[in-house]
Amino acid sequence: MSKIVIIGSSNVDLTVRTAHIPSKGETIFGGNLKMAFGGKGANQAVAVSRLGGDVSFITKVGMDSYGNMMAENLVKEGMAAETVIRDPAAPSGVAWICVDDNGDNSIIVMPGANCTMTKEDLAPYLSIIKEADYLLMQLETPLEVVDYAASIAYENGVKVVLNPAPAQQLSDDLLSKIYLLTPNEKECSYLCGDMATDDDRANAEILRSKGVENVIVTLGENGSLLCSCNLQQIVPAEKVEAVDTVAAGDTYNGALCVALSEGKTMLEAMKFATKASAIAVTRFGAQPSVPYRKEINQ
């Protein structure tokens, strides 16, 4: 089985249910506050682990109680404690999440130690990155770290998968090193800048023209769109009753990498990821919603 390395964020998620997402200046009542583990990087790492992938997860947390809990949880989920970097000064990342009765969410992230990760922090783990088959990253850690890790991976023949969330402008140099880019519709349009159109396919092709080998645009209930060399195809979403979309995209990305690491084609991997994310949206919470492999195979 191919090796997957993930570099990314870890957060403690504090979630409250509400009838609707509050608007500006509005005060509403919510349900009970629930704590769960999250962060895009950690969610994706847990997804890879639960779905049977060979994963190493490099992340950074504080020396506080939240950091201790996150480190213990990652070990429980099958990852090594040695790749959890501890920051003696910065607090651990925390996300406040509001989920409405339709399953939609609004999130405030306080990144803490996630934003203090540096290129120097990766020094002890360069051999892990170089020996991987896939490197999966997001944008909840500093962009210079993403740039640096992508360069190391690219130079060593490692396929770089980037989930560009939260969206920010990326250099053409970074884009040229990416094997697979997985934005949603808004992120895809944002990355195109002034060249953006109202057509997802056209936007994906703009990104491919900058050197990205494959682009998968996630379309929510409309499925996902693959744009690669000589192929544009939509994989439909599975019809389910969504209760919480938190971590659905992270589950999709983790599942995608697992399937690719097992030698599946891009379309086969997308179908596998679609099944995994469809299960995730029927459950509450970030990591608590991530399915296990046996559930996909049923």
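Scroll up to find the structure this text is about.
Starting from 1, residues in each chain are numbered consecutively following that chain's sequence as written. For this predicted model, a pLDDT threshold of at least 70 governs which residues receive local features, and a threshold of 80 or more governs which side-chain atom pairs are given and counted, while totals over whole chains, interfaces and linings are taken from all residues. Side-chain measures here rest on the full set of heavy atoms in the structure, leaving out hydrogens and waters.

1. Quick word on the sheet that holds strand E7 (residues 105-110)
- For two strands to pair, DSSP has to find at least two bridges joining them. Strands are runs of DSSP state E lasting at least two residues, helices are runs of H or I lasting at least four, and both sets are numbered from the N terminus onward. Taking strand neighbours across the sheet as the criterion, the four strands line up as E3-E2-E6-E7 in an open arrangement whose pairing is mixed. The outermost strands of the open sheet, each flanked by one partner alone, are strand E3 (34-38) and E7. The average undirected angle you get between the axes of adjacent strands in this sheet is 25°.
- With six bridges connecting them, strand E6 (residues 93-99) and E7 associate as antiparallel partners. The residue bridging Ile97 from the neighbouring strand is Ile107, located in E7. Between N-to-C directions, angles cover 0 to 180 degrees, with each direction set by a line fitted to C-alpha atoms, over the stretch in contact for helices.

2. As for the pattern of salt bridges
- We define a salt bridge as a side-chain nitrogen of Lys or Arg found within 4 Å of a carboxyl oxygen belonging to Asp or Glu. For the coordinates displayed, the defined rule picks out 10 salt bridges.
- With a closest N to O distance of 2.9 Å, Glu262 and Arg293 form a salt bridge. Remark: Arg293 occurs in helix H10 (residues 293-296) and Glu262 occurs in the loop between helix H8 (248-261) and helix H9 (266-280); sequence separation between them is 31 residues.
- Only protein chains enter the accessibility calculation, which uses a 1.4 Å probe; a residue is then buried when its area is under 20% of its type maximum, exposed when over 50%, and partly exposed in between. Exposure remark for Glu262: the relative accessible area of 31% places this residue in the partly exposed category.
- For Arg293, a relative accessible area of 21% puts it in the partly exposed group.
- If you follow the salt bridges from partner to partner, you end up with Lys60, Asp87 and Asp121 in one network.

3. Structural notes on the nonpolar core
- Ile6, Leu180, Ile216, Leu256, Met266 and Met270 are the most contacted members of the largest nonpolar core, which totals 45 residues.
- When residues of this core are traced back to their parent elements, those giving at least two are strand E1 (3-7), strand E2 (11-17), helix H1 (40-50), strand E4 (54-62), helix H2 (65-76), strand E8 (134-137), H8 and H9.
- A total of eight residues in this core trace back to one element, the largest contributor, which is H9.
- Apart from residues lying up to four places away in sequence, Met266 is in contact with Tyr179, Leu180, Asn214, Ile216, Leu226 and Leu260.
- We define the nonpolar core as a collection of buried residues of types Ala, Val, Leu, Ile, Met, Phe, Trp, Tyr and Cys that are connected through side-chain atoms lying within 4.5 Å of one another. Membership of the second largest hydrophobic core comes to 39 residues, among which are Leu135, Ala150, Ile206 and Leu207. Contact between two residues is taken to exist if any of their heavy atoms lie within 4.5 Å; hydrogens are not considered.

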